[in-house]
Amino acid sequence: MTVEQIKQSIQGEWISIASEIRPSIIKNADGSAKPFYLTRTFKYLSGDKFELQVINSADAYGKVPLVKIGIKGHIVWQGEHPIAVGAQKVDFTADEAYEVTPLIQGFADAMNQLASKVFNKWEANTTQSILGKAFAPFGLTEGQIFAEYDLIYVFNDMLFWGARNVDGRGFDKEENRPTNLQIPLVRKK
């Protein structure tokens, strides 16, 4: 498919098939990457706009949701990615919204210890914008607009992005762009 055909085919809303696992940069006592779990809802809109909601959970089945992260922004298409024929390099930029909502008080309490400057008191089920603000839990500095160097691949009406690096590194630099495919999203019905 051409880029325009891919854009046309991904219009609409996509969701996780099931809870997904990712390696984090936080290490277990034995030095292995500590896993975290999430589900995603993604909308691709006209004008290369997107909306992404991620819910991180404490458990592999998503029964104990910890935090909801909402991102809105733009996608910049950067050309072919060698992972598969038709895959495209894309840059996701959260230049419209980046919001965090603790879903349990324990997570809110942790945010009150780690990210209290320039924020109201963190409380469960209360959303705060972190757009352009220093937010240590996510490694963001004042004025920084979150961006990821990722990929998009469509196959059999499934939407793939890049798999997290096994050492937990984010996609914050071109050299960290993924080289493997993540569990796909499926079209919301």
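Use the structure listed above.
Summary of the structure given here.

Analysis parameters
Residues numbered from 1 in each chain as written. Predicted model: local features only at pLDDT ≥ 70, side-chain atom pairs only at ≥ 80, totals over all residues. Heavy atoms only, no water. Helix = DSSP H or I, 4+ residues; strand = E, 2+ residues; numbered from the N terminus. 1 Å grid on protein atoms, 1.4 Å probe; cavity = no way out; pocket = protein on both sides within 12 Å on 5 of 7 lines; lining within 4 Å. Points joined across faces, edges and corners; volume = space filled by probe spheres on them. Nonpolar A, V, L, I, M, F, W, Y, C, P; charged D, E, K, R; others polar.

Side note on the environment of T2
And step 1. Here T2 shows up in the segment before α1 (3–9).
And step 2. Sequence spacing of T2 and A87 is 85 residues, and the spatial spacing of their C-alpha atoms is 9.7 Å.

What to know about the layout of surface pockets
And step 1. The calculated volume of the largest pocket comes to roughly 1,400 Å³.
And step 2. As for the largest pocket, its lining consists of 49 residues, of which F36, N56, P137, F138 and R164 are closest to the centre.
And step 3. Among the residues forming the lining of the largest pocket, the class breakdown is 31 nonpolar, 10 polar and eight charged.
And step 4. Taken as a whole, the second largest pocket holds about 210 Å³ of empty space.
And step 5. Looking at the second largest pocket, it is lined by 15 residues, and the ones nearest its centre are L52, Q53, G70, I71 and K72.
And step 6. For the lining of the second largest pocket, the secondary structure elements donating two or more residues are β3 (33–45), β4 (49–57), β5 (65–80) and β6 (88–102).
And step 7. The leading source of residues in the lining of the second largest pocket is β5, at five residues.
And step 8. Residues that form the lining of the second largest pocket fall into these classes: four nonpolar, five polar and six charged.

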